[in-house]
Structures are given as structure tokens and as C-alpha cells.
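# Descriptive structure summary
Given next are the chains, with one letter for each unit.
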Amino acid sequence: MLFHSNIFILYFFPLTLFLLFISSKIKFDGKIILILASLLFYSWWNINYLPLIILSIFVNFFLGKKIQRSHKKKIFLLFFSIIFNIGILFSFKYADFFISNYNFLTNSEIDKLNLPFPLGISFYTFQIVTYLVDCYYGKIALHKFKNFALFVVFFPQLIAGPIIKYNFLINQLDIKKLFILKINNILKGLILFIIGFIKKVFFADQLSLIVDSGYLNYQNLNFLESWMTSLAFTFQIYFDFSGYVDMALGCALMLNIILPINFNSPYKAYNIINFWKKWHITLAEFLMNYIYYPLLRSLPAISFFLVMLVTIIVFFLAGLWHGPSWMFITFGLIHGIGVVFNHCKEKFFNFKIYLPLSIFLTFNYVNLSFVIFRSENFEQAFAIIYKMFNFSSFDTSLFQNIFLDQIFLKNLILLLVSILTVFVFKNSDHLVNSRYLK
Amino acid sequence: MSKKLIYQILARNLKISENSINIRTDTKNTPEWDSLAHVRIILELEKELKIKVRNDQIGELNSIKKLIKHFTI
């Protein structure tokens, strides 16, 4: 079920909200309603994925308890649990990618597994890993099955994040405060939801028409069209993902639960390090806390070169996390190189760049990286990038006939409105927390 | 003493003046405080103050307030 679908807006969410607030009146445990509603939400698209997530809940709850109680085998149990979870993720999401690469390199013909790709598996696997690590460090205070099940399946953030930690959610699940109708939260949550809905339906879905047609006919694009195609995708992915997260935050807020923001005006970033403090923030924090810092700590000595190497490894994994494709891996590596470049500039050539210019350069670097991200193969990506820098294909007749070509005019206006919205307006978090709504 | 040392180490690693650091300084409001600087700050504080930081705590110590709390108890 998607947040912007009729079934969610008209039936699922109002009914869930109603049942939760009724539950507080009749003293029925609202967490059970929330778990059942989340399982219905998850299985609406494809019920075949349900057994896997339920199995994952039971096994990991058991493993978490074992880890927390164990003394001698603690590290072994943690290692086993993480391998178990990453193994499931690998089997469903990455096995065929590795098999096809192995076949290509060794000329073998190993059959692919052709397993389905369970919805949200990357998100809930990462969340479970954070829980297991917290169990290892004895941070889990309220170790209850209902809490853990809700932590894994909580429907506002189950499919597309933000990635949260167990204690962050559970500390807010105080039954007395949780399912009481709070008008201020309903109002703010509704505004966030509407902002997210507009981003998704009126921006992302409309921009996708430019993107799909541009990438389909990439060989026939001219200079201007290739720029419009690449920019349209850069805005589409932002409006799509951040819109979805806004709707998630809005839904959770109406349930009196605050989720962390995941996007903080990322296209206003002034370098790639700054971009990753603003784009998919909870994923960046996960990679930092669970891969980057432990990897650095495992080194015998920390030199600048080794830190940069670890940075590249982390961004390689960040790219791979997006999906089993060399295009995503390359996208990650381009960002890794960007971060290394920023660190080198700071260390060896510490000069300041005029802020608007550094925002412009960063945005264009990100825009080029998204051409790689969206392309199906390198041939398509390089063809579009080549056209973006091939000034000889600049067609001035387009401007002469601008008011005759209705589709071109509509696309141009949509892009200009997108640029204005992203660069001029404040983001949804600022708007909702403005003084007018306090 | 430890508090002063924390301010000094922070200022040195972030390449900013000690006067510009206050109790509200954190990774969000200080652009210079990136992941590389953070690792260096933690390692230097561990070495100087002989107090260990676990792997899961590194990311959590993301403000001057939290650093002081961790390293002065």
C-alpha cells in the first residue's frame, strides 16, 4: 500500500487512527492494533513477503535476547546474528548480481536464483542490525516482543525509512500519551502529509514523464533536452523520496510519534560532505556509525590515506545498498571521490570558494552522478553526459518556437517551478515547525 | 581542566578559534566538524584523558555537551 493511494488515504489511515484512539478509551493495547495494521499495510502489495518479515521478527527477537543475556559468547552471537540478517538480504537482493558477475568473469553458466525482492528488506534489515548491536552493548531496556515487532513493522517508515533505532521509537511508545488525540500533532502531521503528497504527485510524477521519455530516446536528445532530462531526474528523485518521507513523518506525527528528518534541503549543500549531511541522513548516519567508525577503529594507525580509503569503501557499500547494479555502485563511488576531493582540498589547498558558486558546483556534480544512477547502462549514461557537454547540438529554433511547442513549454515551466521550490523555499521540516504552527 | 582540554582539542582539529566554541557547539551547527575531524577528536581525547570510547558511542558523542559528559565523569 502506498501513502498516496486512495485505499490508504480514504480507508486505511483514518480507520487505524480511529481504532487507536478508541483503544485508549477502552484500555485495549494500541500497540497490537498498530502491529496488525502495519502487517496489513505491508502485505497489501504482495502477501508472499509476509512470512519472511514475520520469521525475521521471531528469530531476531530470540537472538537479541540471547545476545543481551550472554556473557562468554556475546561477540560470537552478535557476529552470527548479523551474518544471518545480511545473508537473507544478500540472498534475496544481491545473489543474482554476484552470480551474473561471476559467470561473466569466469565464463561459467551458474543458474540464477531468481528470488523475489521483498519490499523494504534493505530498510528493516539495517534497523534490525542496529537493534542487535544495541543488545550487544546492553542498551535495550524494554525488551518486549510487542515492542520489537512494532519496531520492525511500524508502517510509516517500513518501506522507505527513515532508519530509526529501537530505543528512539520505543521511548515514545508510552501507552498513556501515545494514542490520545492531540490536535496540534494532527494539524502538523496533516500539513507534512499534504506537502509530501504534493511533492510526490504534482512534482515527482509529472517530472517522471520528462525523465522516462528522455531516457527512452536518449540517442536523439540535443543539448537542451539532455540537460532537461538530467535535471528532471535530479528533481524527481528528490521530490519522490523526500515527499514519501514527509508523508511518513506526517502519519507518524498524527500517531504522536516523532520520526527523524531524512532530508534537509540537500541541493543547497556547498560540498559533497555537506550533501551527505542533508541527503538520506539516517542512511548516512547508519553507514557512519556501523561501518565507517568501526572500520577506522580497527586500523592499527590512522593516516590520511587510510581514512580516504575507508571513505571510498563506505561509499562503495552505500552505492550497493541502493540496488544490485554497477550503475548504483558507480554512483556511490562518484560520491566517495567527491568526499575525498573535499577532504584533500581542506588539507592541501585550504581556500574558500564563493558560497553560491560552491552550491552551484555541488549541485551539478550531484546532477551528473544522478545520470549514472538513473541510466540502465554505461552506454546510455555516457551518451547523455556527452550530449550535455556537446554545445554544437544546441538548437536555437526551440526558443523561436517556444510558445508553439506546448509540451516543451510545459516541461520548461515544471522544471523552473522545481528549481524555485528547491532553492528558494524552506524545507517541509522548517515550514511545519515555523512559529505560525506553535 | 578536562573541559578546557576538550575545547582546545576541538578547536585544533576543527581549525577554528577556541572562542567560537560554546556549550551548544555540535556537528550540526559546525560545518568544520565532519566525520574525519570527529574521529581525530575522539582518538585524541581518548589518548589525552585515558578514557575509552566504545565503537557504538563514537557517533553519539556529536556535541560538546556530550563530549564533556563522557570525558569528565
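Residues numbered from 1 in each chain as written. Chains lettered and ligands numbered in written order. Predicted model: local features only at pLDDT ≥ 70, side-chain atom pairs only at ≥ 80, totals over all residues. Heavy atoms only, no water.

The subject of this paragraph is the pattern of salt bridges. Enumeration according to the criterion identifies 14 salt bridges over all chains in this entry. Put simply, D134 of chain A and K165 of chain A hold a salt bridge, and the shortest N to O gap is 3.7 Å. Taken together, the positions of D134 of chain A in helix α5 (residues 121-136) and K165 of chain A in the loop between α7 (155-158) and α8 (166-170) put the pair 31 residues apart, joining distant regions of the chain. We note a salt bridge from K139 of chain A to D56 of chain B, for which the minimum N-O separation is 2.5 Å. Highlighted residues: K139 of chain A in the loop between α5 and α6 (145-153) and D56 of chain B in helix α3 (residues 55-58), drawn from two different chains. When its relative accessible area of 9% is taken as the criterion, D56 of chain B is described as buried. Taken together, the salt bridges that share partners define one network made up of D134, K139 and K165 of chain A together with R54, D56 and E60 of chain B. (Salt bridge = Lys/Arg side-chain N within 4 Å of Asp/Glu carboxyl O. Helix = DSSP H or I, 4+ residues; strand = E, 2+ residues; numbered from the N terminus. Buried < 20%, exposed > 50% of the residue type's maximum accessible area, 1.4 Å probe, protein only.)

Turning to the interface of chain A and chain B, a few remarks are in order. Residue-level contacts link 19 residues of chain A with 22 residues of chain B. Between chain A and chain B the total buried area reaches about 1,700 Å² when both faces are included, carbon and sulfur atoms providing 55% of it. Per-residue buried area on chain A facing chain B is highest for Y137, Y293 and R297 of chain A; these three make up 37% of the total on that side. Across the contact surface, chain A and chain B share 4 salt bridges. For K165 of chain A, the salt bridge identified is with E60 of chain B, shortest N-O distance 3.7 Å. In this assembly, chain A and chain B are joined by 6 residue pairs in polar contact (both at pLDDT 80 or more). (Contact = heavy atoms within 4.5 Å. Buried area = accessible area lost by both parts, 1.4 Å probe. Polar contact = N/O pair within 3.5 Å; in protein donor to acceptor, adjacent residues only side chain to side chain.)

Right, let's talk about the packing of α5 of chain A against α6 of chain A for a bit. Two packed helices can be described by the angle between their axes and the distance between those axes. Residue and element names in this part refer to chain A. α6 packs onto α5 with a crossing angle of 145 degrees between their chain directions and a minimal axis gap of 9 Å. Between α5 and α6, the contacting residues are Y124, Q127, I128, T130 and Y131 on the first element and F148, F151 and V152 on the second. Of the residues contributing to the contact of α5 with α6, the split by class is 6 nonpolar, 2 polar and no charged. (Axes fitted to C-alpha atoms, helices over the stretch in contact; angles between N-to-C directions. Nonpolar A, V, L, I, M, F, W, Y, C, P; charged D, E, K, R; others polar.)

Attention shifts here to the packing of aromatic side chains. Given two aromatic rings, their pairing is described by the distance between the two centres and the angle made by the two planes. With the rule as written, the count across this model stands at 54 aromatic pairs over all chains. For K93 of chain A, the ring lying beneath its charged end belongs to W321 of chain A, and the centroid distance is 5.5 Å. (Phe/Tyr/Trp six-rings, centres within 6.5 Å; stacked < 30°, edge-to-face > 60°. Lys NZ or Arg CZ within 6 Å of the ring centre and 35° of its normal.)

Although it is not a glycine, N114 of chain A adopts a positive phi angle of roughly 50 degrees. Of note, N114 of chain A is situated in the loop between α4 (74-106) and α5. Its identity is not glycine, yet K15 of chain B carries a phi of approximately 55 degrees, on the positive side. Along the chain, the position of K15 of chain B falls in the loop between α1 (2-14) and α2 (35-49). With relative accessibility at 63%, the residue K15 of chain B sits in the exposed group.

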